[in-house]
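These are the residues of each chain, in order.
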Amino acid sequence: MKDFSVKISYYLKCRQEDIPDILKLCEAHIKLETTQYPLESDILTKMKWILIELLTNAVKHSGAERCELKITIKDKKLIIEKEDYGPPLTITDFDSGKKISWPLNQDESVNFQVYHNGSDSLRIKCIGNNEAIFFIDQLENQEMPGLLADISEHFGLLIITKASDGFKYEFDQDSKINRFTSHFNLK
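Cut-offs applied
- Residues numbered from 1 in each chain as written.
- Predicted model: local features only at pLDDT ≥ 70, side-chain atom pairs only at ≥ 80, totals over all residues.
- Heavy atoms only, no water.
- Helix = DSSP H or I, 4+ residues; strand = E, 2+ residues; numbered from the N terminus.
- Buried < 20%, exposed > 50% of the residue type's maximum accessible area, 1.4 Å probe, protein only.
- Contact = heavy atoms within 4.5 Å.
- Areas by Shrake-Rupley, 256 points an atom, 1.4 Å probe, with all protein chains shown as cover.
- Core = buried A, V, L, I, M, F, W, Y, C linked by side-chain atoms within 4.5 Å.
- pLDDT = per-residue confidence, 0-100.
- Pairing = 2+ DSSP bridges.
- Axes fitted to C-alpha atoms, helices over the stretch in contact; angles between N-to-C directions.
- Left-handed = near helix turned anticlockwise from the far one by under 90°.
- Nonpolar A, V, L, I, M, F, W, Y, C, P; charged D, E, K, R; others polar.
- Phe/Tyr/Trp six-rings, centres within 6.5 Å; stacked < 30°, edge-to-face > 60°.

## Observations concerning the overall build of the chain
Line of reasoning, step 1. Along its length, the chain carries four helices and 10 strands.
Line of reasoning, step 2. Taken from N to C terminus, the helices and strands of the chain fall in the order β-α-α-β-β-β-β-β-β-β-α-α-β-β.
Line of reasoning, step 3. Out of the 187 residues belonging to the chain, those deemed buried represent 44%.
Line of reasoning, step 4. Pairs at least 24 residues apart make up 58% of the contacts formed inside the chain by residues separated by at least 6 positions.
Line of reasoning, step 5. For the chain, the accessible surface area stands at approximately 10,300 Å², while carbon and sulfur atoms represent 49% of it.

Shown next, in the form of structure tokens:
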């Protein structure tokens with residue numbers, strides 16, 4: 001499998017109508033660069049879900065005029081990063097309703113449920129005051145929330161987290177960049 005020492009980047013205006021074309025470019029690039037070890041169809045499908053969610057979130061939530069999408073294939077990993085200069089991510093604790101935003105205070109510790117769909121609990125855990133990882137806990141004996149009444153703006157984060165092998169968020173205080181990174185372990 002080819003390794004890249006340089007990331008392939010796509011700069012795009014944060015417009016919904018641009019998402020299908022960017023999705024096609026990314027898919028074609030990934031297929032081309034992984035021909036030695038073709039990706040299974042389920043990984044390609046999950047990759048599309050992640051790209052759609054990252055780009056949709058850029059349009060809906062970043063407030064930025066443009067964002068950058070980076071794709072790296074290195075060390076048997078497919079890495080998708082989306083960067084923007086919008087406001088830092090704000091997350092709400094599903095149970096308490098408490099909102100947090102980056103950068104966190106030095107003494108602020110975060111590890112809570114962001115959302116659940118009845119079978120999966122989307123959780124967030126902070127690493128330092130600028131970075132957080134998302135992960136899924138399986139739920140048992142939980143009532144399914146009413147989908148139309150209880151879909152959170154964080155439902156897309158659940159999709160990304162569940163589809164990828166790892167998903168994290170980072171806020172760079174110096175540059176004011178929001179960076180969302182998803183990766184897949186390749187065979």
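## Looking at the nonpolar core
Soluble, globular proteins show a tendency: their nonpolar side chains are buried together.
Line of reasoning, step 1. The biggest cluster of nonpolar side chains holds 47 residues, and the ones touching the most others in it are Leu-69, Leu-78, Ile-91, Trp-102, Ile-124 and Phe-134.
Line of reasoning, step 2. Per-element accounting of this core gives the leading share, eight residues, to helix α2 (residues 41–62).
Line of reasoning, step 3. The contact partners of Trp-102, leaving out residues within four places of it in the chain, are Pro-88, Leu-89, Ile-91, Ile-124, Cys-126, Asn-129, Asn-130, Glu-131, Ala-132, Tyr-169 and Phe-171.

## Some points on the confidence of the model for the chain
Line of reasoning, step 1. Considering every residue of the chain, the mean pLDDT works out to 83; 88% of them sit at 70 or more.
Line of reasoning, step 2. Per-element confidence in the chain is highest for strand β9 (residues 166–172), whose mean pLDDT is 96, and lowest for helix α3 (residues 147–150), whose mean pLDDT is 50.

## Concerning the pairing of strand β10 (residues 177–185)
Line of reasoning, step 1. Across the nine residues that make up β10, a large majority, seven, are buried.
Line of reasoning, step 2. Pairing analysis gives eight bridges linking strand β3 (residues 77–84) to β10, with the strands arranged antiparallel. Along β10, the bridge assignment pairs Lys-77 with Asn-185.
Line of reasoning, step 3. Where β9 and β10 come together, seven bridges link them in antiparallel fashion. By the bridge assignment, Phe-171 is partnered in β10 with Asn-178.
Line of reasoning, step 4. What sits between β9 and β10 in their antiparallel hairpin is a turn of four residues, with Lys-176 showing a positive phi close to 65°.

## Remarks on the packing of helix α1 (residues 19–33) against α2
Line of reasoning, step 1. Between α1 and α2, the least distance of the axes is 10 Å, while the angle of their chain directions is 145°. The element α1 and its partner α2 pack so that their crossing is right-handed. For the pair formed by α1 and α2, the contact residues are Ile-19, Ile-22, Leu-23, Cys-26, Glu-27, Ile-30 and Lys-31 on the first element and Leu-44, Met-47, Lys-48, Leu-51, Ile-52, Leu-55, Thr-56 and Val-59 on the second.
Line of reasoning, step 2. Considered class by class, the residues forming the contact of α1 with α2 number 11 nonpolar, one polar and three charged.

## Regarding the packing of aromatic side chains
Line of reasoning, step 1. Within the structure shown, the criterion is met by six aromatic pairs.
Line of reasoning, step 2. When the ring of Phe-94 is compared with that of Tyr-115, the centres are 6.3 Å apart and the planes differ by 90°; the resulting orientation is edge-to-face. On the criterion of sequence distance, the pair formed by Phe-94 in the loop between β4 (90–92) and β5 (99–101) and Tyr-115 in strand β6 (residues 111–116) is long-range, its members being 21 residues apart.
Line of reasoning, step 3. On the basis of relative accessibility, which here comes to 36%, the residue Phe-94 falls in the partly exposed class.
Line of reasoning, step 4. When the ring of Trp-102 is compared with that of Tyr-169, the centres are 5.2 Å apart and the planes differ by 70°; the resulting orientation is edge-to-face. Linking Trp-102 in the loop between β5 and β6 with Tyr-169 in strand β9, this pair joins segments that are 67 residues apart in sequence.
Line of reasoning, step 5. Judged by relative accessible area, Trp-102 falls into the buried class, the value being 3%.
Line of reasoning, step 6. A relative accessible area of 0% means that Tyr-169 is categorised as buried.

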